[in-house]
Amino acid sequence: MGIASSSPKLEPLSGAPPYPPGNPPTESKIRLGEELFFDSILSGNQRRSCSTCHKRELHFMDGLSRGWGLDESELSRKTPGLLNVGWQRSMFFDGRVKTLEEQVSKPLENHREMALDPDEAVARIRSDPFYVRLFANAFPGEEITFGLVAKAIASFERTLVSYDSDFDRYMLGEEAAMTPSAKRGMELFQTKAECIRCHNGPLFTDHDFHFTGVAERDGHEKRGTKYKTQSLRDSLRRYSYMHNGRMMNIRQVLEHYNRGGSAPDGLEAEIRPLGLAENEKDDLVAFLRSLNGRVHRLTGGFPELEETLPEAAPESSAPSSADSGESGAAVDDPSYLNR
Ligand code: HEC
Ligand code: HEC
């Protein structure tokens, strides 16, 4: 076991995510991508958009343990939020796709998610004067292709960021930004609890894949599969935890790590029992809460910051003993729904 990489660090996050050379963000591209993201034109039955599952008012999650399929049954994985997704180095829990641009066609091609042939999506878009105009602005002189649809949506996704958390402000010198409990939790995170082995850097992930002994819920996944280390930013706002949404609150996650995972017989997880006391778990939760950021929307010409989005998802765990009062109220503003 031992410390994995050369002394990993915790770092604040700020600015704007990187973008591929062929797709610099512009105001008109972002505007187009936003329209497409919220438009059910991209689904076979014209009733689903990306935002059916990635809802803006829920920090681009769906509020469920696992995604909900077109066939009225649960998907095997949860819907990840899209805040800070521009900094991810691979997409999906298994990282099977590398870039945001590449990712866009996948939910369309999935017959349980949006079920629409990307060529058919392009045909629909080409015959819609509204989109013809937006594409002409965003990509002057270029023929509308699915590649451009993907570039626009990816540009929109890169505008969704969350930082300025208590942790960020503390790291930038504001000593009082974190509570004493959160500070103790931060220390534990880097020592006894060993979280920093995998959750490090500005996004609290090593961008790598590990088997952490999450018992598979159903037969969908191969036993012992390695999954992408999840970012811990805004993790207390999630509705369920782990790739398969098997854990419902942060306490269950900590119990899981504390007992060294729950791998089936014969499989060895990359974690081991930690022997954390109850007050130490409280401190870790306080630290994780200090990673809840302020949600921003970047505008064209990164990295200008504009338009702070409303506080959204409720905190999913909220142990009573914890300090710091984070409101658990979900903002229910219909103007954000499927525009
Ligand atoms: C039916 C619900 C559903 C719809 C509709 C949907 N997604 Fe997702 N999305 C998911 C689920 C579930 C995952 C995780 C799948 C996996 O890891 O295998 C995911 C993963 C992603 C990821 C990867 C994020 C990460 O951190 O790894 C991105 C980006 C994404 N979706 C964007 C989109 C876009 C863009 C659209 C519309 C074109 C869309 N999604 C439509 C449910 C949905
Ligand atoms: C060996 C690497 C490793 C270590 C050590 C580790 N994690 Fe993780 N963590 C992961 C991976 C990989 C996932 C994703 C697992 C999955 O999706 O099934 C994850 C997922 C999580 C999640 C769920 C996030 C979500 O949205 O689903 C939380 C919370 C979390 N870890 C917190 C911690 C804490 C707190 C510690 C220290 C007690 C810790 N981790 C130690 C690798 C690690």
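Residues numbered from 1 in each chain as written. Chains lettered and ligands numbered in written order. Predicted model: local features only at pLDDT ≥ 70, side-chain atom pairs only at ≥ 80, totals over all residues.

Each helix and strand counted, the chain has 11 helices and 5 strands in total. Counting only residues that meet the buried cut, the chain has 42% of its 339 residues in that class. Within the chain, counting contacts between residues at least 6 apart in sequence, those at least 24 apart form 68% of the total. (Helix = DSSP H or I, 4+ residues; strand = E, 2+ residues; numbered from the N terminus. Buried ≥ 20, exposed ≤ 12 C-beta atoms within 10 Å, placed from the backbone. Contact = placed C-beta atoms within 7 Å.)

Around ligand 2, the structure places 24 residues, and the nearest of them are Cys195, Cys198, Gln230, Met242 and His243. Within the shell around ligand 2, the residues separate by chemical class into 13 nonpolar, 7 polar and 4 charged. (Near = placed C-beta within 6 Å. Nonpolar A, V, L, I, M, F, W, Y, C, P; charged D, E, K, R; others polar.)

Further remarks concern the site of ligand 1. In the vicinity of ligand 1 there are 24 residues, among which Cys50, Cys53, Gly67, Phe92 and Pro107 approach most closely. Secondary-structure elements contributing two or more residues to the shell around ligand 1 are helix H2 (50–53) and helix H3 (100–103). For the shell around ligand 1, the element with the most residues is H2, which contributes 3 residues. Residues of the shell around ligand 1, tallied by class, amount to 15 nonpolar, 6 polar and 3 charged.

Another aspect to go through is the environment of histidine 111. Within the secondary structure layout, histidine 111 lies in the loop between helix H4 (105–109) and helix H5 (118–126). Overall, the presence of 12 C-beta atoms within 10 Å leaves histidine 111 in the exposed class. In the structure, histidine 111 is positioned 40 residues away from aspartate 71 in sequence and 8.9 Å away in space, judged by C-alpha atoms.

Between helix H9 (residues 180–190) and helix H11 (residues 278–289), whose axes approach to 7 Å, the crossing angle comes to 100°. As the angle between them shows, H9 and H11 are arranged roughly perpendicular. Two secondary-structure elements touch here, H9 through Ser181, Ala182, Arg184, Gly185, Met186, Leu188 and Phe189 and H11 through Glu280, Asp282, Asp283, Leu284, Ala286, Phe287 and Arg289. Across the contact of H9 with H11, the residue classes tally to 7 nonpolar, 2 polar and 5 charged. (Axes fitted to C-alpha atoms, helices over the stretch in contact; angles between N-to-C directions. Parallel < 35°, antiparallel > 145°, perpendicular 65-115°, else oblique.)

Below, the discussion takes up the confidence of the model for the chain. Residues at a pLDDT of 70 or more form 84% of the chain, whose mean pLDDT is 87. In the model, residues 303–314 has pLDDT below 50 throughout and makes 32 contacts with residues more than four positions away in sequence or in other chains. Scored below 50 in pLDDT, residues 316–339 makes 49 contacts in the model with residues more than four places away or belonging to other chains. (pLDDT = per-residue confidence, 0-100.)

Three or four residues apart is the spacing at which side chains of an α-helix point the same way, because the helix has 3.6 residues per turn. Listing the buried residues of H9 in full gives Ser181, Ala182, Gly185, Met186, Leu188 and Phe189. The arc enclosing the buried residues of H9, seen along the axis, measures out at 165°, which places them on a common side. In this structure, the buried side of H9 is in contact with helix H8 (166–171) and H11. (Arc of directions from axis to C-beta.)

This next bit is on the packing of helix H1 (residues 27–37) against helix H6 (residues 129–138). At a minimum axis distance of 8 Å, the contact between H1 and H6 shows a crossing angle of 150°. As the angle between them shows, H1 and H6 are arranged roughly antiparallel. The interaxial crossing formed by H1 with H6 has left-handed handedness. Along the contact surface, H1 presents Ser28, Lys29, Arg31, Leu32 and Glu35, while H6 presents Leu134, Phe135, Asn137 and Ala138. In terms of residue class, the contact of H1 with H6 is made up of 4 nonpolar, 2 polar and 3 charged. (Left-handed = near helix turned anticlockwise from the far one by under 90°.)

Along the chain, the position of threonine 205 falls in the loop between H9 and strand S2 (209–210). Judged by C-beta crowding, with 20 C-beta atoms within 10 Å, threonine 205 ranks as buried. Among all residues touching threonine 205, those that are not within four sequence positions of it are His199, Thr229, Gln230 and Ser231.

This paragraph deals with unusual backbone geometry. Apart from glycine, the bulk of residues carry a negative phi angle, and the bulk of peptide bonds sit in the trans form. Even without a glycine there, the phi angle at glutamate 72 is positive, about 60°. Note on placement: glutamate 72 falls in the loop between H2 and H3. Of the residues examined, glutamate 72 has 7 C-beta atoms within 10 Å and is grouped as exposed. One non-glycine residue, aspartate 164, adopts positive backbone phi at about 60°. Among the structural elements, aspartate 164 can be located in the loop between strand S1 (160–163) and H8. Taking the number of C-beta atoms within 10 Å as the measure of exposure, aspartate 164 has 19 and is therefore partly exposed.

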